[in-house]
Amino acid sequence: SGGPLINSSGQLLGINTAIYSASGTSSGVGFALPSDMVSGIVDQLIRFGRVTRPILGISFAPDGALDQLGLGGVLVLDAREGGPAWRAGVRSTSRDESGRLILGDIIIELAGEQIQDSSDLYRTLDKLTVGDTVELKLIRGVDKVTTNIELDDVKDMKPPTPSTVVVPLRTKKPPGAPY
């Protein structure tokens, strides 16, 4: 496999990357990268010598977490210190003095694209470029908040430090414990 995927008019549709063949021959189902994705990658290779990926600098809850609350979007568990979301004032999930969970911001829109789940977030980020400053819409408690965020390159993100986010764990009470 490999090489251009063209239509009958000679227009580039994509680049062939792999083939699935039950028989082991060169016939079967082919897979290709779309030409618009390839052109973005080629541009990045020429300009930077590598592929760049824009990031928000967050970790987020699995999609099912918000489904249980009847909400759409992406729940921010942690906005990494110094990262794009942290600089934009995005709030992480935390606990109060009593140990109650305080939900972080919920991303509902990025660069004008509705965000219902993590797939929408990744799809939108794939359309953007490192260094872009885009509008980010959030739900914070009962309020809708709009801020601007400048996207960083994944390689510029510092390694994580021990998280301040407290993940809820269910533990058994030790024998003889008063509570």
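Conventions adopted
- Counting restarts for each chain, with residues numbered from 1 along the sequence as it is written.
- Residues qualify for local features only when their pLDDT is at least 70, as the model is predicted, and side-chain atom pairs are given and counted only at 80 or more; totals for whole chains, interfaces and linings, by contrast, use all residues.
- Only hydrogens and water are set aside; all other atoms, that is, all heavy atoms of the structure, feed into the side-chain values.
- Site definitions follow a grid-based scheme: protein atoms alone, a 1 Å grid, a 1.4 Å probe that fits but cannot get out for cavities, and for pockets an open set with protein on both sides within 12 Å along at least five of seven lines, plus lining residues having an atom within 4 Å of a point.
- Grid points are joined across faces, edges and corners, and a volume is the space filled by probe spheres set on the points.
- Secondary structure counts use DSSP, requiring at least four H or I residues in a row for a helix and at least two E residues in a row for a strand, with both numbered from the N terminus.
- The nonpolar class holds Ala, Val, Leu, Ile, Met, Phe, Trp, Tyr, Cys and Pro. Asp, Glu, Lys and Arg form the charged class, and all remaining residues, Gly among them, are polar.
- The rule is simple: take the accessible area with a 1.4 Å probe, protein chains only, and divide by the maximum for that residue type; under 20% is buried, over 50% is exposed, in between is partly exposed.
- Note on contacts: a residue pair qualifies if any of its non-hydrogen atoms lie within 4.5 Å across the two residues.
- Buried Ala, Val, Leu, Ile, Met, Phe, Trp, Tyr and Cys residues form a nonpolar core when they are joined through side-chain atoms within 4.5 Å.
- Two strands pair under a simple rule: DSSP has to find at least two bridges between them.
- Between Lys or Arg on one side and Asp or Glu on the other, a salt bridge is scored when a side-chain nitrogen of the former is within 4 Å of a carboxyl oxygen of the latter.

**Student:** I'd love a proper account of the layout of surface pockets, names of residues and values included.
**Tutor:** By volume, the largest pocket amounts to about 430 Å³. For the largest pocket, the lining is made up of 19 residues, of which Met-37, Gln-44, Arg-53, Asp-126 and Lys-127 are closest to its centre. If you list the elements that add at least two residues to the lining of the largest pocket, you get α1 (35–48) and α4 (118–127). Looking at the lining of the largest pocket element by element, the count peaks at 8 residues for α1. Across the lining of the largest pocket, the residue classes break down as 8 nonpolar, 4 polar and 7 charged.

**Student:** With reference to specific residues and values, describe the side chain of Thr-147.
**Tutor:** With respect to the helices and strands, Thr-147 occurs in strand β12 (residues 143–150). When its relative accessible area of 18% is taken as the criterion, Thr-147 is described as buried. Discounting chain neighbours no more than four positions away, the residues touching Thr-147 are Ala-88, Val-134, Glu-135, Leu-136 and Leu-138.

**Student:** Before we move on, could you go through the environment of Ser-35 and cite the residues and values that matter?
**Tutor:** Positionally, Ser-35 belongs in helix α1. Along the sequence, Ser-35 and Ile-15 sit 20 residues apart, while their C-alpha atoms lie 6.8 Å from each other. Apart from the residues lying within four places of it in its own chain, the contact partners of Ser-35 are Leu-12, Leu-13 and Gly-14.

**Student:** Describe the environment of Ile-139, naming the residues involved and giving the relevant values.
**Tutor:** If you trace the backbone, Ile-139 turns up in strand β11 (residues 133–140). In the structure, Ile-139 is positioned 34 residues away from Asp-105 in sequence and 5.7 Å away in space, judged by C-alpha atoms. Dropping the residues within four chain positions of it, Ile-139 is found in contact with Gly-104, Asp-105, Ile-106 and Ile-108.

**Student:** Any details on the nonpolar core? Residues and values, ideally.
**Tutor:** Soluble globular proteins tend to pack their nonpolar side chains together in the buried interior. With 19 residues, the main nonpolar core has Leu-56, Ile-58, Ile-107, Leu-110, Leu-121, Leu-136 and Ile-149 as its most contacted residues. Among the elements of the structure, β6 (74–79), β9 (106–110), α4 and β11 are those that each provide at least two residues to this core. If near-sequence neighbours (up to four positions away) are discounted, Leu-136 is found in contact with Val-90, Ile-107, Glu-109, Leu-110, Val-145, Thr-146, Thr-147 and Ile-149. If you look at the next biggest cluster of nonpolar residues, it comprises 5 residues, including Leu-66, Leu-75, Ile-106 and Ile-108.

**Student:** Go over the pairing of β11 with me, naming the residues and quoting the values.
**Tutor:** With burial as the criterion, only one face of β11 is covered, namely that bearing Val-134, Leu-136, Leu-138 and Arg-140; the residues Thr-133, Glu-135, Lys-137 and Ile-139 on the opposite face remain uncovered. Bridge count between β9 and β11: 4 bridges; the pairing is antiparallel. Residue pairing across strands places Glu-109 opposite Lys-137, the latter belonging to β11. Across 8 bridges, β11 lies against β12 in antiparallel orientation. Looking at the pairing, Leu-136 lines up with Thr-147 of β12. Linking two consecutive strands that pair antiparallel, namely β11 and β12, is a turn of 2 residues; a positive phi of about 65° is found at Gly-141 within it.

**Student:** Quick rundown of the environment of Ile-108? Include the residues and the values.
**Tutor:** Structurally, the position occupied by Ile-108 is in strand β9. Classification of Ile-108 as buried rests on a relative accessible area of 15%. Ile-108 sits 13 residues away from Leu-121 along the chain, and the two C-alpha atoms are 9.1 Å apart. Setting aside residues no more than four positions away along its own chain, Ile-108 makes contact with Gly-72, Glu-113, Gln-114, Ile-115, Lys-137, Leu-138, Ile-139 and Lys-144.

**Student:** With reference to specific residues and values, describe unusual backbone geometry.
**Tutor:** Residue Ala-111 is not a glycine yet carries a positive backbone phi of 55°. Tracing the backbone shows Ala-111 in the loop between β9 and β10 (113–114).

**Student:** Go over the pattern of salt bridges with me, naming the residues and quoting the values.
**Tutor:** Evaluated as defined, the whole model comprises 9 salt bridges. As a salt-bridge pair, Glu-113 and Lys-127 come within 3.9 Å of each other at their nearest N and O atoms. Here Glu-113, found in strand β10, pairs with Lys-127, found in helix α4; they are 14 residues apart in sequence, far enough to count as distant. Residues participating in the shared-partner salt-bridge network are Glu-109, Glu-135 and Lys-137.

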